[in-house]
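Spelled out, the chains give:
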Amino acid sequence: MSRILWELSQDAQRERIAISDLLLALGDRATGALIFIFAFPNVLPTPPGTSSILGAPLIFLAAQLMLGRAPWLPAFVANRSMARADFSILVKRIVPWLQRAESLLRPRWSSLALPPMEHLIGFLSLLLAVLLVLPIPLGNVLPALAISLLALGVLERDGVWVLAGLAVAAAGGTLIYGVLFAMVKASLYFFTQL
């Protein structure tokens with residue numbers, strides 16, 4: 001996958017790279033690969049609002065993984081594009097991490113990454129993608145990391161990575177619950193003091 005992304009980012013014949021170009025280049029591995037591509041940038045420091053932009057395609061793709069469907073995105077999402085130079089910068093940030101992950105990934109405990117578990121992973125990724133879109137303080141990194149690990153596990157049929165993704169999802173859910181609980185408590189305290 002890192003090689004495919006690198007080649008696409010270096011294609012001088014393209015001015016812009018659309019999401020539909022990624023679907024075509026990644027072929028039958030597109031669902032897991034695209035979920036990773038849209039989730040992982042949220043793990044890295046990015047400008048505010050990035051998670052809401054990248055979250056919409058994540059929601060569509062996670063729902064399709066949950067339903068066991070081939071990757072499809074509506075035209076208004078699939079036709080979104082970015083300048084090849086911007087895509088190249090993004091790929092340069094992702095590829096080193098992806099190459100490290102690819103060296104560790106291999107098919108093992110595959111039953112954790114095949115249907116029906118794959119559909120459960122899609123459901124969990126859908127929930128995490130919805131959390132990712134919400135403006136929750138400190139609420140992006142762990143859900144994005146969990147989605148990334150789950151996507152790589154499904155992509156390479158590696159159950160160990162799926163288990164790691166489930167552990168990070170549990171940690172992220174706990175953190176988000178704690179943040180939301182603290183926000184509600186602080187709001188209630190504020191209003192009772194008025």
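Structure: above.
Residues numbered from 1 in each chain as written. Predicted model: local features only at pLDDT ≥ 70, side-chain atom pairs only at ≥ 80, totals over all residues. Heavy atoms only, no water.

## Considering the packing of helix α7 (residues 117–133) against helix α9 (residues 159–192)
Then step 1. It is the contact of α7 with α9, at a shortest axis distance of 12 Å, that shows an interaxial angle of 35 degrees. Every pair of crossing elements has a handedness; the one defined by α7 and α9 is left-handed. Residue-level inspection shows Ile-121, Leu-124, Leu-128 and Leu-131 of α7 in contact with α9, the latter providing Val-162, Leu-166, Ala-169 and Ile-176.
Then step 2. Here the residues of the contact of α7 with α9 are counted per class, giving 8 nonpolar, no polar and no charged. (Axes fitted to C-alpha atoms, helices over the stretch in contact; angles between N-to-C directions. Helix = DSSP H or I, 4+ residues; strand = E, 2+ residues; numbered from the N terminus. Left-handed = near helix turned anticlockwise from the far one by under 90°. Contact = heavy atoms within 4.5 Å. Nonpolar A, V, L, I, M, F, W, Y, C, P; charged D, E, K, R; others polar.)

## Observations concerning α7
Then step 1. Under the 1.5 Å per step criterion, the end-to-end length of α7 is 24 Å for 17 residues, consistent within 8% with the ideal 24 Å.
Then step 2. Residues Glu-118, Ile-121, Gly-122, Ser-125, Leu-126, Leu-128, Ala-129 and Leu-132 constitute the buried set of α7. (Expected span 1.5 Å × (residues − 1). Buried < 20%, exposed > 50% of the residue type's maximum accessible area, 1.4 Å probe, protein only.)

## Let's talk about the packing of helix α2 (residues 19–26) against helix α3 (residues 30–39)
Angle between the axes and distance between the axes are the two parameters that describe a pair of packed helices.
Then step 1. One way to put it is that α2 packs onto α3 with a least axis distance of 9 Å and a crossing angle of 135 degrees. Between α2 and α3, the interaxial angle falls into the category oblique. Pair α2 / α3 crosses with right-handed handedness. Contacts between α2 and α3 involve Ile-19, Leu-22, Leu-23 and Leu-26 on the former and, on the latter, Ala-30, Ala-33, Leu-34, Ile-37 and Phe-38. (Parallel < 35°, antiparallel > 145°, perpendicular 65-115°, else oblique.)

## Describing the pattern of salt bridges
Then step 1. The tally for this structure, following the rule as stated, stands at 5 salt bridges.
Then step 2. When the shortest N-O distance is used, the salt bridge between Asp-21 and Arg-14 registers 3.3 Å.
Then step 3. When its relative accessible area of 29% is taken as the criterion, Arg-14 is described as partly exposed.
Then step 4. Across the pair Asp-158 and Arg-108 runs a salt bridge whose closest N-O atoms are separated by 2.8 Å. Here the residue Asp-158 occupies a position in the loop between α8 (141–156) and α9, and Arg-108 occupies one in the loop between α6 (84–104) and α7, the gap between them amounting to 50 residues.
Then step 5. The exposure class assigned to Asp-158 is buried, which follows from its relative accessible area of 0%.
Then step 6. Residue class for Arg-108 comes out partly exposed when judged on its relative accessible area of 24%.
Then step 7. In this structure, a network of salt bridges that share partners links the residues Asp-11, Arg-14 and Asp-21. (Salt bridge = Lys/Arg side-chain N within 4 Å of Asp/Glu carboxyl O.)

## Let's talk about unusual backbone geometry
Then step 1. Positive phi is not limited to glycine here, since Arg-157 has a value of about 55 degrees.
Then step 2. Mapped onto the secondary structure, Arg-157 falls in the loop between α8 and α9.

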